[in-house]
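# Descriptive structure summary
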Amino acid sequence: MKLREFGRNIAHIDLTGGTWQMKPAPTEWVEKYIGARGLGVRYLLENGPEVDPLSPQNRLCFMNGPLTGSEASMSGRWACVTKSPLTHTVTDSHQGGWSAARARWAGFDGLVFDGRSEAPVYAFIEDGEISLRDASEVWGQGIHATVRFFQERYGAKNLSVNAIGPAGENCVRFAAQVNEDDRAFGRGGTGAVAGSKNLKAIVIRAKQRKSDVPDSDAWKTVRRQALDTIRDEANITSPKKGGLSVYGTNVLMNVTNTIGALGTRNSQLTAFGDKAELISGEYVEQNLLVGNPTCHACPVACKKEVEIKDGPWAGLKMESVEYEPAWSLGSNCDNANVASVAKIIDQCNDLGMDPIELGNAFSMWMEATERGWVPEGQGLAWGDELAMVALTEAIAVREGTGDALAEGPARAAEAIGHPEIAMAVKGQAVAAYDPRGLKGMGLGYATSNRGACHLRAYVAAAELGVVPIETDPLAWEGKGELVKTFQDLHAFSDSLDLCKFSAFAEGAEEYAAQYATAMGITFGPEEVMLTGERIYNLERYFNNQAGMGKGSDTLPARYTEEPSTEAGSKGHVSELADMLKEYYAVREWEEGVVPQAKLQALGIV
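These remarks concern the structure in this document. Note that the structure is a prediction, hence the values are computed from the model and not measured. (Residues numbered from 1 in each chain as written. Predicted model: local features only at pLDDT ≥ 70, side-chain atom pairs only at ≥ 80, totals over all residues. Heavy atoms only, no water.)

## Thoughts on the pattern of salt bridges
When their charged atoms lie close together, side chains carrying opposite charge are able to pair. Just so we agree on the cut-off: A carboxyl oxygen of Asp or Glu within 4 Å of a side-chain nitrogen of Lys or Arg is what we treat as a salt bridge. Here a strand is any run of E in DSSP of at least two residues, a helix any run of H or I of at least four, and the numbering for each starts at the N terminus. Only protein chains enter the accessibility calculation, which uses a 1.4 Å probe; a residue whose area is less than 20% of its type maximum is buried, one above 50% is exposed, and one in between is partly exposed.
Per the stated rule, a full pass over the model turns up 40 salt bridges. Across the salt bridge formed by E180 and R102, the nearest N and O atoms sit 3.5 Å from each other. Here R102 lies in helix α3 (residues 99-105) and E180 lies in the loop between β10 (177-179) and β11 (184-185), a separation of 78 residues in the sequence. The buried category is assigned to R102, whose relative accessible area is 12%.

Okay, structure coming up:
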């Protein structure tokens, strides 16, 4: 597997005609946009920003990065890039496990799907070949049953299955795609796009291949340096010692609760009190944990397999009670029963839905119920876990109230005449960080190119002290430049494609060294940041072309007008307008629009 030849093997699959051909990516694209997220967005721009996301004209890209499947630590990820049916913006979502590595080992740097199949199909990939095969036997099945079906047909060894469930088939706007390890392309509705194309699954069979690099000794050195940084006991990534490794992402629950940055009851409150402990990573580790699975080339093992010991879901083994869904289905819905949280996450893994968006749909509907704004007989009470489990199924198949919520919380709130109670930006719901307690995260939500997102600029790492950057979480000054820096760095790492958590230990120097050595080129930290800036501007240019103009970088008024009443952030609101002025100045944007001069300076046009 010659890493320096990345980009030569991009498969273009015509679902309408049932054919495919291999085409190399233009060299200029690879040089400017690297791979994965960046390269995928460039393919999307070529297709046209104005397409209907659920039409055959939309493009669905699965893109590896130049380091995917290599020996580099945390390199087991790929990006799914498309135009989102939830936001009508560009979206990219990243999936861990082994499917990305196996796609690379099978001989593919990327898969670009166009058109729509007349009947349900899956793509079978092996040894540099792709065949589109009948998926009628698994259409209508959940993802877990679909995975078992293909494992029985092709054998489980060296096999990855990335599939949609009923939610994707029914074009739920926040439908996800999930693989055999319950790793998901979670956000943005990529599963709905796959469903609209009648693409049930991508099945990959491949044995591991070693990397071929220009200088193997140098490659070992830079990989060891990066790994030593990840293993450093001062970092949260330290295997079996750092908080991320021991407790998983849910190590943050008690932290954000303490500082008044844990949205509760649809963000009417900013803390969950003593109940936060009951859904925390510490509680899960002490009471439910049964395993610590990991992804390709990852020493951290942040995923946590749990087993429910008692109650209506006793015996359920699932993976994983992550921080974001534990928040969205927990404190956000006034639900302190971690067993029900695990159950609903497992439903999402099987039905193929984003649990962050789902939890926000629930909390919006709960508030609407409390205020008397929902039709009679369709209400949902705070913390009603059994009703939440039932409604999850209904959303996936678009039955009853589920049909309204399948449109996502923003559209559902607008449909009942109260868009103000949807905690969403550009149509996508927020994540587990209240902008009144973490000011930079609020700016990150507002300026994210894929709708509200914690991963475009994970400034919480600085605001919570996870990385050694000193910043006051309650101060808004300086957050414009900080958010831009994180956005640009993450845009580059997402294009390599390395796990986002690598940034808890690594930075531009480690990324540059590994990329330069793998490709046999000269490439430094400054070029990392410039390339990330180019990718972020490319995405914004796509959104501008798609109709998202000035004034689109907003937050729900609850965050900017209703002060926090909880300890840690009491009295605070998000000073978004002030932060946007800073941000647009350092970005050189005109109220959210990339000017022609900036596009030219970055070599985008």
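## Some points on helix α23 (residues 576-587)
Counted only if it meets this: An expected span of 1.5 Å times one less than the residue number is assigned to each helix. Comment: arc refers to directions from the helix axis out to C-beta atoms.
Between its first and last C-alpha atoms α23 spans 16 Å; for 12 residues at 1.5 Å apiece the expected length is 16 Å, and the two agree. Taken together, the buried positions of α23 are L576, M579, L580, Y583, Y584 and R587. In an axial view of α23, the angular spread of the buried residues amounts to 130°, which keeps them on one side of the axis. Residues of α23 that are exposed and point over 90 degrees away from its buried face: K581 and A585. Of the residues trailing α23, E588 is marked for its positive phi of about 60°.

## Notes on the side chain of E169
We count it as follows: Under the rule applied, a polar contact is a pair of N or O atoms within 3.5 Å (in protein, one hydrogen donor and one hydrogen acceptor; residues adjacent in sequence only if both atoms are side-chain atoms). Between two residues, a contact is recorded if the distance between any of their heavy atoms is within 4.5 Å.
Within the element layout of this structure, E169 appears in helix α5 (residues 166-169). Among the polar contacts listed, one links the side chain of E169 to the side chain of K200, at a separation of 2.7 Å. Non-local contacts of E169, meaning those with residues more than four positions away in its chain, are made with V138, W139, G140, Q141, I164, G195 and K200.

## Quick notes on the layout of surface pockets
Here is the rule we go by: The rule is simple: put a 1 Å grid over the protein atoms alone, call a set of points where a 1.4 Å probe fits but cannot get out a cavity, call an open set with protein on both sides within 12 Å along at least five of seven lines a pocket, and count a residue as lining if it has an atom within 4 Å of a point. Grid points are joined across faces, edges and corners, and a volume is the space filled by probe spheres set on the points. Any residue that is not Ala, Val, Leu, Ile, Met, Phe, Trp, Tyr, Cys, Pro, Asp, Glu, Lys or Arg is counted as polar, Gly included; the first ten are nonpolar and the last four charged.
By volume, the largest pocket is sized at about 300 Å³. In terms of lining, the largest pocket is formed by 16 residues, of which the most central are R4, F6, T27, V30 and M519. The set of elements that each furnish at least two residues to the lining of the largest pocket consists of α1 (27-33) and α20 (508-519). A class-by-class count of the residues in the lining of the largest pocket yields nine nonpolar, three polar and four charged. Size it by volume and the second largest pocket reaches roughly 240 Å³. Along its surface, the second largest pocket is lined by 14 residues, and I469, L489, A503, E506 and G507 are the ones closest to its centre. Top contributing element to the lining of the second largest pocket by residue count: helix α19 (residues 479-496), with three residues.

## Considering the sheet that holds strand β13 (residues 289-291)
Note the cut-off: A pair of strands is treated as paired once DSSP finds two or more bridges between them. Axis geometry follows a simple rule: fit a line to the C-alpha atoms, using only the stretch in contact for helices, then measure angles between N-to-C directions, giving values from 0 to 180 degrees.
Strand order in the open sheet formed by three strands is β13-β14-β15, and the pairing between neighbours is antiparallel. What marks the edges here is a single partner per strand, and that holds for β13 and β15 (317-319). Strand-to-strand, the axes of this sheet are offset by a mean angle of 40°, without reference to chain direction. With three bridges joining them, strand β14 (residues 305-307) and β15 adopt antiparallel strand pairing. Within β15, the residue paired with V306 across the bridge is M318.

## Observations regarding unusual backbone geometry
The linkage connecting E319 with the following residue, S320, adopts the cis geometry, with an omega of 15°. Residue L496 is joined to D497 through a cis peptide bond whose omega torsion reads 5°. The residue D497 is located in the loop between α19 and α20 in this model. In the Ramachandran plot, K240 falls in the positive-phi region, its phi being about 65° despite a non-glycine side chain.

## Observations regarding the sheet that holds strand β6 (residues 110-114)
What the six strands build is an open sheet, ordered β2-β1-β6-β3-β4-β5; its pairing is mixed. A single partner strand is all that each edge strand has here, and the edge strands are β2 (19-23) and β5 (90-95). Strand-to-strand twist in this sheet, taken as the mean axis angle between neighbours without regard to direction, amounts to 15°. Relative to strand β4 (residues 78-83), helix α2 (residues 36-47) is tilted by about 25°, and along the sheet it contacts β1 (10-14), β3 (60-63), β4, β5 and β6.

## Some details on the packing of aromatic side chains
Condition: In this scheme Phe, Tyr and Trp rings, the latter by its six-membered ring, pair at centre separations within 6.5 Å, and the angle between planes marks the pair as stacked below 30 degrees, edge-to-face above 60, and tilted otherwise.
Following the criterion strictly, the structure yields 20 aromatic pairs and no others. Between Y458 and F504, the aromatic rings sit 5.7 Å apart at their centres with planes inclined by 55°, giving tilted as the arrangement. Placement of the pair is Y458 in the loop between α17 (439-447) and α18 (460-463) and F504 in the loop between α19 and α20, with a sequence separation of 46 residues. Taking relative accessible area as the criterion, Y458 reaches 7% and is therefore assigned buried. Seen from their ring centres, F492 and Y515 are 6.0 Å apart, and the 85° between their planes marks the pair as edge-to-face. Here F492 is found in helix α19, whereas its partner Y515 is found in helix α20, with 23 residues between them in sequence.

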